[in-house]
Protein chains: 2
Amino acid sequence: MRQSNMLIPTLREVPKEADIPSHQLLLKAGYIRKLASGVYNFLPLGKRVLRKLETIIREEMDRTGAQEIQMPSLQPAELWEASGRWETMGLELMRLNDRHERKFALGATHEEVVTSLIGDEINSYKKLPLTVYQIQNKFRDEKRPRFGLLRGREFLMKDAYSFHETYESLDEAYNRLFEAYKRVFERCGLNFRAVIADSGAMGGKDTHEFMVLSDIGEDTIAYSDQSDYAANVEMAPVLPTEEKPKTEPNKSLEKIETPNAKTMQEVADFLGHSLQEGMKAIMFKVDDRFVMVVTRGDHEVNDVKLKNLFDAKFIELATEQETIDVVGAGFGSLGPINVPEDVEVIADYGVQPLVNASCGANENGYHFRNVTPDHDFEVTQYADVRFIEEGDPSPDGHGTIQFAKGIEVGHVFKLGSLYADKLNASFLNQEGRAQTYIMGCYGIGVSRTLASVVEQFHDEQGMFWPDSLVPFDVHMINLNMKKDEQVELAETVYTNLQDQAFDVLYDDRQERAGVKFNDSDLIGITHRVTIGKRANEGYVEYKNRKTGEQQDIHVDELVSFLKTL
Amino acid sequence: MRQSNMLIPTLREVPKEADIPSHQLLLKAGYIRKLASGVYNFLPLGKRVLRKLETIIREEMDRTGAQEIQMPSLQPAELWEASGRWETMGLELMRLNDRHERKFALGATHEEVVTSLIGDEINSYKKLPLTVYQIQNKFRDEKRPRFGLLRGREFLMKDAYSFHETYESLDEAYNRLFEAYKRVFERCGLNFRAVIADSGAMGGKDTHEFMVLSDIGEDTIAYSDQSDYAANVEMAPVLPTEEKPKTEPNKSLEKIETPNAKTMQEVADFLGHSLQEGMKAIMFKVDDRFVMVVTRGDHEVNDVKLKNLFDAKFIELATEQETIDVVGAGFGSLGPINVPEDVEVIADYGVQPLVNASCGANENGYHFRNVTPDHDFEVTQYADVRFIEEGDPSPDGHGTIQFAKGIEVGHVFKLGSLYADKLNASFLNQEGRAQTYIMGCYGIGVSRTLASVVEQFHDEQGMFWPDSLVPFDVHMINLNMKKDEQVELAETVYTNLQDQAFDVLYDDRQERAGVKFNDSDLIGITHRVTIGKRANEGYVEYKNRKTGEQQDIHVDELVSFLKTL
């Protein structure tokens, strides 16, 4: 394409509304334009990248045997009422009435529609397992749309749904889709992790999120520096510390007045030891009873783990009055010594190796020192009840945990029979009995993935694209459209490259060289061919946008040179 | 794909809701399923055809130099208010409020969004002309959605918009898009006509509709049996009859009492002549004055032509009281003899050759006979004021007019500066002055085209697809999955064909032969390869779905045979 005719409205200034690199650069380089809050036009360059990304996704989905379908955005309210999400989705679900005042939702996701469809069309286990997918705009009325394509209200998604008779069959599909997602993000050149995630309110069991590592990410990932292990920081288990014989002799318990020392740090400073040598005790209400949780002073209690430990319905911090009533002291002076018998003491694994540590004395303004667990107080149960931290050993036994921020670009999820039960979608199983479907669902944020690529591939000058997504193969620049010999050479090169099936963007604009180079850096096409002063000798300049590598090449060798790249 | 795993829910019965072939067959063959009135799921076969159709459209659009973009479905109400269509689109435009009670339209079309976008991004004639397009679901709340994909509420469209400095430039783009549309529909194998259409309320000048000829079409087309000429029947001009010297001598005018003869047919019967030998006179009110329009007895007045002839603001039939007031007689007895001087007599060209014809006498219950125009009454002006009819000469001078019904699948339209004016979208022209854009718009109903193909390509057994759109290259059927030698041969053929890049649907279901053949005819894949009893000899049966051609072929020759097709 000739750039003079192409809709690539580059900007000199960073648009005010944009505060992260992908948003700024996609606007500056003329890939997208905002229509409304969280709603964007894709201009020709943006659409080209989007289509390449769609093709990658389609190829990988087809390889798994998934079948492409297309479901509507207009979805009857009845389906959402049946699943219960007409209520629970709240304002995020966009709604409208048709001319007959029938209620519709605008597709935010398609579990309801697809479950109803498959429920109607398939009545025997013989047609199972089955996976369908689609690539389609979704609508979610985000409270605060932001970060450009990362959190929009109308955005492109690939969503897939699998239907099964057994959980084994679901596991197989899950694993196949998991591998397909890895290939998709690998082909996009992304630095990402498949992260064990919280199955949350969707009622399923296993779930992984695919996270692109990025400082602007809203989620924190705990990952191993030596293996594939990665989990949402709230989900990552902490291994029990290896039990070693305690060699340090127990000193005698001492009660010390610790006036005005309330926080762990104040107590540690007062007693002259490190945070790691203190014990932190927190009282929880777990369902109907009180539980004291003890961790090392520098660790944080993870209440999801605590809730799972007790398989509790509900869990909350005890109030200060409650701790006073139960053990006789307020928040700053709690400890596991002298607690009533009916209060369980749960100690995190990190507490077990401690010797001669300190803890609250269950008396306001007093702490004990020289406290050793199992010697000076009884532990009802050691368990993993804290958040993992950087430097902890990786739960898979390989390497050490590091933290990173991530952008969620994909999600694979074992739904189980939740939706099929709600929508009464059943089939005859091998025993000839009616059974509701066991389902999985699998999403990729397509436009969000595009933005994530820019987050990982940009510099001060602009973006640069992986080969799989680059909007054109070659950016050809003629530095001076007024010089006949340069124009002539440029036209020849343009024709030759196109004849050789290169997709070329030809900057034939009447602009200064500086403007052309700046725009080219901004747009980020990998291979740049510049026609300049050496045109009369038949030489052009090649420059690689990523590596900065640069050389003069004779036009006769240009095609073969570009083909080797 | 193995049919046993594929979502192709064929039906034995014709669904009640469907009353035209494409709707019935797309449902029966498992290509689509209804989700709500006018809202359809595309199942894997339907989606495959849709994607092939999209590819054809994309290729032809790209060849014209048009650039693909993607605009949102969520469109701020402000844009529609600016164009005036927030009002005029009425209930057809679907509307919703976001969580902040901001008003949005769901994209029924994108003139507003694209005009605003280009107005914001392009400020100089140097970037013009420019054509952008997108392929996207559109939303229109049709009062009576029907005919399946032909008139839906959510449907796939390709829409394109061109922007120009001059009308000459618009003409060029229009012609280029016109040719591209012809190629699209030719590649779909459709029997269609590019039809001159009414520019209607959109304010533009030239407009063509692409009509697929079909008895279920809602529009009537007048086309030449010997040329490309075609027009909406309301638009087609009628050529003046060649003037020949009138050889028949004028007889004397006679006034005849014609009791109870009110209609043209009754008068003709009473007077004993054909309809063609009578003259029909109708009184119109054109703006502020009365005009008598005279046509041959068998012709119908086209009031659009009459309105255009007078360049009138408004036009309507005179009431019977008005005709009595003006010429002294009611509807059944009007005629051009003895009309007041201030009433113009407009005679259709078809009246001019008449000699000794009849007409009303402007006296209730009386007619004249032996009336000859220009001899017995004065004609203010001869003009083309009637509807064209089958058998009329084609307006382009080649051949004779035939009528056909058509389904509109495409539309090219010279918008002019209507939308740019409303939305204040301007640029600096070559003279350095601000000028609003001159625009064209161009639409293809993608899902409607798919249905139109089925309307033209089906028989009693099902549909059959043109090669360009067929969902699979080959339908391979194994007649008996219980016979090892057949299964073995089928697997070999399946693998071989796929290795040779054939897209194969393999019917590996445990079903009777009859069911398999019926489904195959219904689905309509052109090339069918059946593995049956001669498997042990290495023979398969080839059958062509379109031609019925059938032959046994040895597996060793199958690939080369299929490649020749």
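This one's a predicted model, so the numbers in the text were calculated from it and none came from an experiment.

**Q** I'd like to hear about the pairing of strand 24 (residues 438-445) of chain A, residue by residue, with values.
**A** All names here are of chain A. Of all the eight residues making up strand 24, eight are buried; the element is thus mostly covered by neighbouring parts of the structure. Of the two faces of strand 24, the one carrying Ile438, Gly440, Tyr442 and Ile444 and the one carrying Met439, Cys441, Gly443 and Gly445 are both buried. Pairing between strand 8 (residues 154-164) and strand 24: eight bridges, direction antiparallel. Within strand 24, the position partnered with Phe163 by the bridge is Met439. Alignment of strand 21 (residues 401-416) against strand 24, held across six bridges, turns out to be antiparallel. The residue of strand 24 that forms the bridge with Lys414 is Gly440.

**Q** I'd like a rundown of the packing of aromatic side chains, residues and numbers included.
**A** Considering all chains together, one arrives at 24 aromatic pairs over all chains under this definition. A centroid spacing of 6.3 Å and a plane angle of 40° characterise the contact between Phe192 of chain B and Phe210 of chain B, whose relative ring orientation is tilted. Of this pair, Phe192 of chain B sits in strand 9 (residues 192-196) while Phe210 of chain B sits in strand 10 (residues 207-213), and the two are 18 residues apart along the sequence. Its relative accessible area of 13% is what places Phe192 of chain B among the buried residues. Its end group placed over the ring of Tyr539 of chain A, Arg534 of chain A keeps NZ or CZ at 4.1 Å from the ring centre.

**Q** Describe in detail the interface of chain B and chain A, supporting the description with residues and values.
**A** In many analyses, interface size is given as the accessible surface area lost on bringing the parts together. In this complex, chain B contributes 57 residues to the contact, which on the side of chain A involves 58 residues. Each partner contributes to the roughly 5,100 Å² buried at the junction of chain B and chain A, and carbon and sulfur atoms together form 58% of this total. Run the count over chain B and chain A and you get eight salt bridges. Linking chain B with chain A are 22 residue pairs in polar contact (both at pLDDT 80 or more), by the criterion used here.

**Q** Which residues make up the environment of Gly514 of chain A, and what are the values?
**A** Along the chain, Gly514 of chain A falls in helix 13 (residues 513-523). Gly514 of chain A sits 35 residues away from Leu479 of chain A along the chain, and the two C-alpha atoms are 8.9 Å apart.

**Q** Run through the nonpolar core, naming residues and quoting values.
**A** Counting residues in each nonpolar core, the largest one holds 82 residues, and the members touching the most others are Leu74, Leu106 and Tyr437 of chain A together with Leu74, Leu106 and Tyr437 of chain B. What Leu106 of chain A contacts, discounting residues up to four positions off in sequence, is Ser73, Leu74, Leu93, Met94, Leu96 and Phe139 of chain A together with Leu74, Leu96 and Leu106 of chain B.

**Q** Tell me about the pairing of strand 2 (residues 39-42) of chain B, and please be specific about residues and values.
**A** Two faces, one strand: in a regular strand the side chains alternate between the faces of the sheet. Residues and elements named next belong to chain B. Neither face of strand 2 is exposed, since Val39 and Asn41 on one face and Tyr40 and Phe42 on the opposite face are all buried. Sheet topology note: the strand 1 (residues 32-36)/strand 2 ladder contains four bridges and is antiparallel. Within strand 2, the position partnered with Ile32 by the bridge is Phe42. Once strand 1 ends, the chain turns through two residues before running back antiparallel as strand 2, passing Gly38 with a positive phi of about 75°.

**Q** Before we move on, can you summarise unusual backbone geometry with the specific residues and values?
**A** Glycine aside, negative phi is the norm for most residues, and most peptide bonds take the trans geometry. Residues and elements named next belong to chain A. Of note, the amide linkage connecting Leu128 to Pro129 takes the cis form, showing an omega dihedral of -5°. Considering the arrangement of structural elements, one finds Pro129 in the loop between helix 5 (111-121) and strand 7 (130-139). Here Asn356, not a glycine, exhibits a phi torsion of approximately 55°, which is positive. Positive phi, normally seen in glycine, also occurs at Asp374, with a value near 70°. Counting through the fold element by element, Asp374 comes out in the loop between strand 19 (366-371) and strand 20 (381-383). Asp374 sits in the partly exposed class, given a relative accessible area of 48%.

**Q** Outline the relation of the copies chain B and chain A, supporting the account with residue identities and numerical values.
**A** For the match of chain B to chain A, the screw axis carries a shift of 0.0 Å, the RMSD comes to 0.1 Å, and the turn is 180°. Classification of the inter-copy transformation places it as that of a two-fold axis. Every residue of chain B has its C-alpha some distance from the rotation axis, and the shortest such distance is that of Leu96 of chain B, at 2.6 Å. When you check the interface residues of chain B against chain A, 100% turn up at the interface there too, and the contact is symmetric in its surfaces.

**Q** Residue-level account of the packing of helix 12 (residues 484-499) of chain B against helix 14 (residues 555-564) of chain B, with values.
**A** Residue and element names in this part refer to chain B. In contact at an axis separation of 11 Å, helix 12 and helix 14 are set at 35° when each is read in the N-to-C sense. In the packing of helix 12 onto helix 14, the handedness of the crossing is right-handed. On the side of helix 12, the interface is formed by Leu489, Val493 and Leu497, while helix 14 contributes Val555, Leu558, Val559 and Leu562. The residue inventory of the contact of helix 12 with helix 14, partitioned by class, reads seven nonpolar, no polar and no charged.

**Q** Outline the sheet that holds strand 18 (residues 357-360) of chain B, supporting the account with residue identities and numerical values.
**A** Hydrogen bonds between backbone groups are what pair the strands of a sheet, and the pairing can be parallel or antiparallel. Residues and elements named next belong to chain B. The strand order across the open sheet formed by three strands is 13-19-18, and the pairing between neighbours is antiparallel. Edge positions in the open sheet fall to strand 13 (254-257) and strand 18, since each of these has one partner strand only. Neighbour-to-neighbour, the strand axes of this sheet turn through a mean angle of 30°, independent of strand direction. Sheet topology note: the strand 18/strand 19 (residues 366-371) ladder contains three bridges and is antiparallel. Each bridged residue has a counterpart across the sheet, and for Gly360 the counterpart in strand 19 is His367.

**Q** Now, about the side chain of Lys516 of chain A: what can you tell me, with residues and values included?
**A** Residue and element names in this part refer to chain A. Take Lys516: it is sitting in helix 13. In this structure Lys516 comes out as buried when scored by relative accessible area, which is 0%. A distance of 2.7 Å separates a polar side-chain atom of Lys516 from the backbone oxygen of Asn478. Setting aside chain neighbours within four positions, we find Lys516 in contact with Ile477, Asn478, Met481, Asp507, Asp508, Arg509 and Glu511.

**Q** Can you lay out the pattern of salt bridges for me, pointing to particular residues and giving the numbers?
**A** Residue and element names in this part refer to chain B. For the structure shown, the criterion picks out 85 salt bridges over all chains. Where Asp519 meets Arg12, a salt bridge forms, and the shortest distance between an N and an O atom there is 2.6 Å. On the criterion of sequence distance, the pair formed by Asp519 in helix 13 (residues 513-523) and Arg12 in the segment before helix 1 (21-28) is long-range, its members being 507 residues apart. Since its relative accessible area comes to 48%, Arg12 is described here as partly exposed. Across the pair Arg386 and Asp392 runs a salt bridge, and its minimum N-O distance is 2.9 Å. Exposure class is identical for Arg386 and Asp392. Each is buried.

**Q** I'd love a proper account of the domain arrangement of chain A, names of residues and values included.
**A** What the domain assignment reports for chain A is domain 1 (37-237 + 403-454), domain 2 (254-383) and domain 3 (474-564). For domain 1 of chain A versus domain 2 of chain A, the separation of C-alpha centres amounts to 42 Å.

**Q** Can you explain helix 7 (residues 264-271) of chain B? Please cite residues and give values.
**A** Residues and elements named next belong to chain B. Of the positions making up helix 7, those classed as buried are Val267, Ala268 and Leu271. Down the axis of helix 7, the buried set is contained in an arc of 100°. They therefore lie on one face. Downstream of helix 7 by one or two residues, Gly272 has phi in the positive range, about 75°.

**Q** Give me the lowdown on the side chain of His273 of chain A, citing residues and values where you can.
**A** Tracing the sequence through the fold places His273 of chain A in the loop between helix 7 (264-271) and strand 14 (279-286). Setting aside anything within four residues of it in sequence, one finds His273 of chain A in contact with Ala268, Gly278 and Ser358 of chain A.

Rules used throughout
- Residues numbered from 1 in each chain as written.
- Chains lettered and ligands numbered in written order.
- Predicted model: local features only at pLDDT ≥ 70, side-chain atom pairs only at ≥ 80, totals over all residues.
- Heavy atoms only, no water.
- Buried < 20%, exposed > 50% of the residue type's maximum accessible area, 1.4 Å probe, protein only.
- Helix = DSSP H or I, 4+ residues; strand = E, 2+ residues; numbered from the N terminus.
- Pairing = 2+ DSSP bridges.
- Phe/Tyr/Trp six-rings, centres within 6.5 Å; stacked < 30°, edge-to-face > 60°.
- Lys NZ or Arg CZ within 6 Å of the ring centre and 35° of its normal.
- Contact = heavy atoms within 4.5 Å.
- Buried area = accessible area lost by both parts, 1.4 Å probe.
- Salt bridge = Lys/Arg side-chain N within 4 Å of Asp/Glu carboxyl O.
- Polar contact = N/O pair within 3.5 Å; in protein donor to acceptor, adjacent residues only side chain to side chain.
- Core = buried A, V, L, I, M, F, W, Y, C linked by side-chain atoms within 4.5 Å.
- Least-squares fit on C-alpha atoms with pLDDT ≥ 70 in both.
- Axes fitted to C-alpha atoms, helices over the stretch in contact; angles between N-to-C directions.
- Left-handed = near helix turned anticlockwise from the far one by under 90°.
- Nonpolar A, V, L, I, M, F, W, Y, C, P; charged D, E, K, R; others polar.
- Domains from an automatic or database assignment.
- Arc of directions from axis to C-beta.

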